[in-house]
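Here is how the chains run, residue by residue.
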Amino acid sequence: LHCAAVPGTCTTTPCECRRPTDHKLELHTPEGRECWACAEPGKEYQFRVNALAEQMAGTSVSWWPPSGINCPPILWMFMDWRAVAGGCPVIFGYMCMLFVCLMIRKAEEATGGLIPWTRVAPLFGPALKRGEVWRFISYTFVHLQFMDLFHNLLTLLDALDVEGTPAIVLGDGSNLKCGVGAKQNFMCYPSIGLGSAHTLGVALLSAAIGGMCSTWIGFKGVFTGASSLGFGLSGAIVALYALYAGAELDQTTSVQRSFQDWVWLRLIFVAFHIAMEWIRGVSQRDAAGLFSHTAAFASGFGYVLYFLPPMGDGSLLPSDRPYVVPCAYDSSEGLVVGGAGPQCVRLFSQLYEYPVPTVQHNAMLLFIAVVGFTILNIVVLQRGTDSKEAALLAGMEVSAVCVRKPAGAQGARPPSWRSSNLEGKDIILWCDVMEVSNLLAPAAGSNFKPFVEVRLTDYDHKRAPESLAAPPAASTKTRAVEGAVKLDFRECLFLPTKFNKATFVQIVLLDASENTAGVIVGAASMPLHQALRFNKKDYNEQTLKFSVVGDGARVGAGRASVHVVFRSLDKEEVPRLRRRVEKELDDRRYQLRFHEHELEALTTVQEAGGIQGLPDINA
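The notes below deal with the structure included here. A quick note: this is a predicted structure, and the numbers were derived from the prediction, not measured. (Residues numbered from 1 in each chain as written. Predicted model: local features only at pLDDT ≥ 70, side-chain atom pairs only at ≥ 80, totals over all residues. Heavy atoms only, no water.)

Two side chains of opposite charge can pair, provided their charged atoms sit close to one another. Within the structure shown, the criterion is met by 23 salt bridges. For arginine 135, the salt bridge identified is with glutamate 132, shortest N-O distance 2.7 Å. Residue glutamate 132 is classed as buried on the basis of its relative accessible area of 0%. One salt bridge in this structure joins glutamate 453 and arginine 455, with 3.3 Å as the shortest N-O distance. What makes glutamate 453 buried here is its relative accessible area of 13%. Look at arginine 455 and you get buried, because its relative accessible area is 8%. Salt bridges sharing partners connect three or more residues here, namely Arg19, Asp22 and Glu40. (Salt bridge = Lys/Arg side-chain N within 4 Å of Asp/Glu carboxyl O. Buried < 20%, exposed > 50% of the residue type's maximum accessible area, 1.4 Å probe, protein only.)

It is worth spelling out the sheet that holds strand β13 (residues 450-457) at this point. Within a sheet, adjacent strands bond to each other through the backbone by hydrogen bonds, running parallel or antiparallel. Spatial ordering of the open sheet is given by β14-β13-β16-β17-β19, a layout of five strands whose pairing is antiparallel. Two strands close off the open sheet at either side, each with one partner strand: β14 (474-477) and β19 (547-548). Pairing between strand β17 (residues 519-527) and β19: two bridges, direction antiparallel. Among the inter-strand pairings, glycine 522 is bridged to a residue of β19, identified as valine 548. (Pairing = 2+ DSSP bridges. Helix = DSSP H or I, 4+ residues; strand = E, 2+ residues; numbered from the N terminus.)

A word on the state of the cysteines. In protein structure, a disulfide is the covalent linkage between the sulfur atoms of two cysteines. In total, this model carries four disulfides according to the counting rule given. With no disulfide partner, cysteine 431 has as its closest neighbouring cysteine sulfur the one in cysteine 492, 9.1 Å distant. Using a relative accessible area of 44% as the deciding quantity, one classes cysteine 492 as partly exposed. (Disulfide = S-S within 2.5 Å.)

Generally speaking, a soluble globular protein has its nonpolar side chains buried in company with each other. Ranked by size, the top nonpolar core spans 71 residues in total, and within it Trp76, Val162, Leu233, Leu243 and Met311 carry the most contacts. For this core, the element with the highest residue contribution is helix α10 (residues 227-246), accounting for 13 residues. If we skip the residues at most four places from it in the chain, leucine 243 touches Val304, Leu305, Met311, Tyr323, Val345, Arg346 and Leu347. Counting 37 residues, the second largest nonpolar core, distinct from the first, contains Leu495, Val505, Ala531 and Ala560. (Core = buried A, V, L, I, M, F, W, Y, C linked by side-chain atoms within 4.5 Å. Contact = heavy atoms within 4.5 Å.)

The next subject is the environment of aspartate 570. Among the structural elements, aspartate 570 can be located in the loop between β20 (561-569) and α15 (573-608). As a C-alpha pair, aspartate 570 and leucine 429 span 141 residues in sequence and 9.1 Å in three-dimensional space.

This next bit is on the environment of aspartate 386. Relative to the helices and strands, aspartate 386 is located in the loop between α13 (356-381) and β10 (390-393). In this structure the C-alpha to C-alpha distance between aspartate 386 and proline 126, which are 260 residues apart in sequence, comes to 6.5 Å. A distance of 3.1 Å separates a polar side-chain atom of aspartate 386 from the backbone nitrogen of lysine 388. (Polar contact = N/O pair within 3.5 Å; in protein donor to acceptor, adjacent residues only side chain to side chain.)

Next up, the structure:
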């Protein structure tokens with residue numbers, strides 16, 4: 001007895017396959033009986049999906065709507081993550097790797113930089129001068145916070161259909177994927193993706209192109225995140241559906257439904273995503289990010305037009321590349337369509353038709369131009385940039401790890417990734433002392449005139465209390481104010497120093513009521529590299545709790561806390577910051593003078609009696 005060989009059927013009695021190359025599958029009927037079927041190699045999933053669909057038909061196993069059109073790609077992971085992992089392995093694997101790399105980043109923070117992830121992975125222009133080209137890809141795996149990763153994961157989830165449509169069984173027993181399942185769903189989701197190999201190609205190319213273009217604008221900047229990857233996949237989606245709509249492939253599908261309106265709706269979703277990114281980039285003045293995202297989108301679009309990958313897996317369309325059609329061209333006899341003519345692709349409609357060789361030639365020229373200008377920028381335009389430069393990213397060092405061995409160095413030396421390029425770099429610690437709260441009100445007849453001093457030392461005052469009496473490497477202080485429960489300072493303090501991971505920032509509360517030098521009543525401290533952990537912001541806002549020093553208990557120093565904001569400046573940034581502050585002061589002075597003249601004019605008019613009934617402005 002031969003087993004059934006048609007999807008949706010099975011044999012309930014023991015049987016054998018008709019062809020020796022077929023695979024014998026063990027299935028179950030809707031009643032739970034054991035049955036067998038034989039499938040061709042690579043087609044086993046169709047039998048298993050059909051059997052599962054029959055079992056689920058008419059049940060409430062799935063809460064998801066029975067219409068595939070109501071299940072956009074962003075929901076597929078929550079419907080059946082196993083089917084997504086099997087149908088879209090590249091994007092699923094990318095999402096898993098992004099999460100694992102975030103955990104590596106958190107482990108790096110917990111170990112104080114023992115794992116050099118932030119050192120080696122972000123995209124940093126000076127490191128490219130050492131040949132560290134892996135950063136054009138690795139920067140997409142660096143995220144500082146889960147919310148940054150969450151936004152990019154949503155983008156990747158919404159781009160699952162660029163790889164393919166997983167065979168997910170819906171609530172009524174039909175299948176999300178068109179052409180699969182014993183029960184056909186009129187509102188199924190078309191599978192016209194690129195496949196895993198080409199999806200990986202789009203991901204790598206768009207990440208690299210986006211990273212290259214970002215270095216054109218901010219060569220010394222640090223770039224992280226998978227947003228360029230998401231925009232590259234979105235560009236590939238737009239190219240796919242533009243080809244589908246341009247070739248009018250609705251007329252050639254094996255499923256009796258029209259996808260034309262759905263295609264345009266999908267393009268509108270992608271366009272909305274791109275528009276929101278442009279609004280964000282313009283509002284935040286993020287020229288490098290906006291430029292890199294646009295370039296990544298164009299690279300994903302150009303990848304599809306150059307490689308012309310197969311569209312779908314054959315479950316919907318009759319051929320691999322149905323969007324490549326004979327060109328329509330004008331002749332002396334009018335419009336002629338011939339199969340012997342050159343091949344063309346059409347984007348969005350038949351009006352936009354382009355010969356395949358021309359499209360591929362232009363796409364290749366663009367890719368070569370991007371790579372060529374990037375090399376020119378690194379080698380020639382940035383020749384004055386030192387490859388040993390380093391930057392801080394969330395309190396961790398970003399610099400080249402391929403460091404040359406110093407001339408004349410003998411013997412063993414630590415690995416290059418262990419030697420820091422940031423140690424000893426001149427920086428300026430910018431500390432905004434906002435307020436001190438939760439103090440006790442001064443007792444009657446006692447004086448309390450507090451001020452705050454910010455110090456840079458080599459010691460943590462909790463482990464070495466005597467360090468409070470030692471002279472600090474650098475220090476500056478606020479003005480003294482009258483004692484109260486809450487002290488409002490709002491002062492900016494600047495401390496030039498050399499970066500050192502062993503340096504501590506001490507925030508010291510002093511009382512100047514007895515002498516101008518002040519008596520320490522409370523102190524708080526934290527490592528300098530932790531104070532400079534900015535994440536996506538350009539500052540680190542902290543509320544530090546004081547510990548009692550001396551007679552600080554009389555003013556409640558043990559329960560008080562200080563609100564500070566830390567920033568970091570390079571020496572080159574100081575003149576720009578000064579010019580900006582001077583401009584703001586000039587603007588405020590101009591506004592003040594304007595309002596003073598306005599007030600004088602109103603006073604003159606009132607005194608002259610020019611306006612009857614004008615209220616007294618001095619009242």
